[in-house]
Amino acid sequence: MAQLIFDFNKESNIRDWMIVDDVVMGGRSSGKIRLNDEGHGVFGGEISLENNGGFSSVRYKTGRIEVKDYSKIVIKLRGDGKEYQFRIKGETGDDYLYVAPFSTSGEWEEIEIELKNMYPTFRGRKLDMPNFSNDHLEEIAFLIGNKKKEKFKLVIDRIELR
């Protein structure tokens, strides 16, 4: 039985989805999140490499969600053929987070991410710690940062545990 983490639809309140771009360190990338006419979440924008920039992300604090009965996160989305990262935090206050890179095809697809394969990072550096093994998560995020100047668009339908 799947557990919904977030379902984008015409009634979705996306106010709590927060953009964090490289401007936090002087960069010039710009990302936005919005609902399209179908009610899907659209995370899009432009990546700039100016001023040592190069990433855009969108984060959502889920509240505490128990994950011990699930092995993976499944995301229904339509990307733009680019590489992205899905990220989770076990505790909102942790400095580090867990990452799973994924590729998009340009078509609607379900991306399956095994929780146990999500590895810990801090500011883009892999940490010498075990992979994700928490009983719960408190934050999810999408990030693009492919070390190139590019426009991006990720259309998200739903995110769930299975």
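Structure: above.
I will try to describe carefully the structure that is included in this document. Just so we're clear, the structure is a prediction, and the values are computed from it rather than from any experiment.

1. Focus on a nonpolar patch on the surface
Here is step 1 of the chain: Residues Val23, Val24 and Met25 make up a contiguous nonpolar surface patch of about 310 Å² in total accessible area.
Here is step 2 of the chain: By secondary structure assignment, the location of Val23 is in the loop between strand S2 (17-21) and strand S3 (30-35).

2. Re the nonpolar core
Here is step 1 of the chain: Judged by nonpolar contacts, the single largest core of 35 residues is most densely connected at Trp17, Ile73, Ile75, Phe86, Ile88, Phe142 and Ile159.
Here is step 2 of the chain: Here the element with the most residues in this core is strand S13 (residues 150-161); it accounts for five residues.
Here is step 3 of the chain: Discounting residues that sit within four places of it in the chain, Phe86 has contacts with Ile73, Ile75, Tyr98, Val99, Ala100, Phe102, Ile113, Met118, Ile140, Ala141, Phe142 and Ile159.

3. Side note on the environment of Asp135
Here is step 1 of the chain: With respect to the secondary-structure elements, Asp135 resides in the loop between strand S11 (125-126) and strand S12 (136-144).
Here is step 2 of the chain: In this structure the C-alpha to C-alpha distance between Asp135 and Gln3, which are 132 residues apart in sequence, comes to 14 Å.
Here is step 3 of the chain: Excluding residues within four positions of it along the chain, Asp135 makes contact with Ile65, Glu66, Val67 and Lys68.

4. Topic: the packing of aromatic side chains
Here is step 1 of the chain: All told, the structure shown has 11 aromatic pairs when counted by the stated rule.
Here is step 2 of the chain: Between the aromatic rings of Phe8 and Trp17, the centroid separation amounts to 5.2 Å while the plane-to-plane angle is 40°, which identifies the pairing as tilted.
Here is step 3 of the chain: With relative accessibility at 2%, the residue Phe8 sits in the buried group.
Here is step 4 of the chain: What makes Trp17 buried here is its relative accessible area of 4%.
Here is step 5 of the chain: Against the face of Trp108 rests Lys76, its NZ or CZ located 5.7 Å from the ring centre.

Calculation notes
Residues numbered from 1 in each chain as written. Predicted model: local features only at pLDDT ≥ 70, side-chain atom pairs only at ≥ 80, totals over all residues. Heavy atoms only, no water. Patch = residues over 30% accessible without salt bridge, like charges linked within 9 Å, V, L, I, M, F, W, Y side chains within 5 Å. Areas by Shrake-Rupley, 256 points an atom, 1.4 Å probe, with all protein chains shown as cover. Salt bridge = Lys/Arg side-chain N within 4 Å of Asp/Glu carboxyl O. Helix = DSSP H or I, 4+ residues; strand = E, 2+ residues; numbered from the N terminus. Core = buried A, V, L, I, M, F, W, Y, C linked by side-chain atoms within 4.5 Å. Buried < 20%, exposed > 50% of the residue type's maximum accessible area, 1.4 Å probe, protein only. Contact = heavy atoms within 4.5 Å. Phe/Tyr/Trp six-rings, centres within 6.5 Å; stacked < 30°, edge-to-face > 60°. Lys NZ or Arg CZ within 6 Å of the ring centre and 35° of its normal.

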